[in-house]
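Architecture at a glance
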Amino acid sequence: MKLFPKSIILILLIALLLRIFTSLWSFNFRDNTDVLRWRDWGRITHLYGLPDSYKPDHIEFGTLPNNMPPGTLYVVSAMYEFNVVAAKIILRVIQQEPGKVQWINSQLLNFNLRLPSIIADLVIGFIIFTLVRKKTSDKMAMVASSLFLFNPSVFYNSSFWGQMDSLNNLLFLLALFTLYKQKVELVFLLFSLS
């Protein structure tokens, strides 16, 4: 049995491209309110720190302070920080002043906030492939993985709507996988994180 058949790599690549296209297409519509809140909470965390995102003092969108668990906030704040660094690099390369290129502060940030869920979707698809492959064949494993990766509700949820459900699902699936491998100490950690 080969380590990774070329077909699963192709399936993962197509799934990635589909999610990127869906994310970019979603920018033609109004911003999702959850993503707007995440942008706001990421900005607050960047400027004032994690605890202040749970206070209503600095919010700019809506009236809700942060109501996410800290783990999800860490992901949002990390992607906001990643966007700040990426914006500085892009502005230096294209030799523009900060604030002059609008898509950096809007579409790029919106895409970066969706990126962890997109990656989690792909990892889940690969885990499904790996688990099914051990019990059946490469062909059945690719079918099982494709049923997840190309399910419209799955890529809509992470790529268009921008929800972070895939992160929780990935951690829970990893907890089940470690339970199957009888690595109990990791089961509790991954289950708690999910």
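Quick caveat, the model's predicted, so the values are computed rather than measured. (Residues numbered from 1 in each chain as written. Predicted model: local features only at pLDDT ≥ 70, side-chain atom pairs only at ≥ 80, totals over all residues. Heavy atoms only, no water.)

1. Focus on helix α1 (residues 6-26)
The test is simple: Working definition: helices are DSSP H or I runs of at least four residues, strands are E runs of at least two. Numbering for both runs from the N terminus. Expected helix span is taken as 1.5 Å per residue step, with the number of steps being one fewer than the number of residues. In what follows, residue pairs with any heavy atoms lying within 4.5 Å of each other are defined as contacts.
Counted at 1.5 Å a residue, the expected span for α1 with its 21 residues is 30 Å, and the 30 Å between its end C-alpha atoms agrees. Lining the buried residues of α1 we find α5 (107-135), α6 (138-149) and α7 (152-160).

2. A few points about the nonpolar core
To be explicit about the condition: Take the buried Ala, Val, Leu, Ile, Met, Phe, Trp, Tyr and Cys residues and link them wherever side-chain atoms come within 4.5 Å; each set so joined is a nonpolar core. Think of it in three bands: residues with accessible area under 20% of the maximum for their type are buried, residues over 50% are exposed, and the middle band is partly exposed, with areas taken using a 1.4 Å probe on protein chains only.
Among the nonpolar cores identified, the biggest contains 34 residues, and Trp38, Trp41, Met68, Val76, Leu113 and Leu149 are the most heavily contacted of them. Mapped onto this core, the elements with two or more residues apiece are α1, α2 (33-48), α3 (70-94), α5, α6 and α8 (165-180). Considering every element that reaches this core, the biggest residue donor is α5, with 10 residues. Setting aside residues up to four positions removed in sequence, Trp38 forms contacts with Met68, Val76, Leu113, Gly162, Gln163 and Met164. Of all hydrophobic cores here, the second largest spans six residues; its members include Ala87, Val101, Ile104 and Leu108.

3. Considerations on unusual backbone geometry
Glycine aside, residues mostly have negative phi angles, and peptide bonds mostly take the trans form. Phi at Gln95 takes a positive value of approximately 55°, unusual for a residue other than glycine. Along the polypeptide, Gln95 turns up in the loop between α3 and α4 (102-105).

4. Comments concerning the pattern of salt bridges
A side chain of one charge can pair with a side chain of the opposite charge if their charged atoms are brought near each other. Definition in use: Salt bridge, as used here, is a side-chain nitrogen of Lys or Arg placed within 4 Å of a carboxyl oxygen of Asp or Glu.
Applying the stated criterion to the full structure yields six salt bridges. Here Asp34 and Arg37 are joined by a salt bridge, their closest N and O atoms 3.7 Å apart. Linking Asp34 with Arg37, this pair stays in helix α2, spanning three residues, or about one helical turn. Each member of the salt-bridge network shares a partner with another, and the members are Asp40, Arg43 and Glu60.

5. Remarks on the packing of α5 against α7
Cut-off, in case you're wondering: Only the contacting stretch of a helix is used when fitting its axis, a line to C-alpha atoms as for every element, and angles between N-to-C directions run 0 to 180 degrees. When an angle is under 35 degrees it counts as roughly parallel; over 145 it counts as roughly antiparallel; between 65 and 115 it counts as roughly perpendicular; any other value is oblique.
Two numbers describe how α5 lies on α7: the axes approach to 8 Å, and their chain directions differ by 155°. The pairing of α5 with α7 is recorded here as roughly antiparallel in orientation. Only Val154, Phe155, Ser158, Ser159 and Phe160 of α7 make contact with α5, whose side of the interface consists of Arg114, Ser117, Ile118 and Asp121.

6. Focus on the side chain of Thr45
Mapped onto the fold, Thr45 is located in helix α2. Note on Thr45: relative accessible area 11%, which makes it buried. Beyond its immediate stretch of four places on either side in the chain, Thr45 contacts Leu50, Ser53, Leu73 and Ser77.

7. Focus: the environment of Tyr156
With respect to the helices, strands and loops of the structure, Tyr156 is situated in helix α7. C-alpha separation for the pair Tyr156 and Thr22, spaced 134 residues apart in sequence, amounts to 7.6 Å. Once you skip the residues sitting within four places of it in the chain, Tyr156 turns out to touch Trp161 and Gly162.

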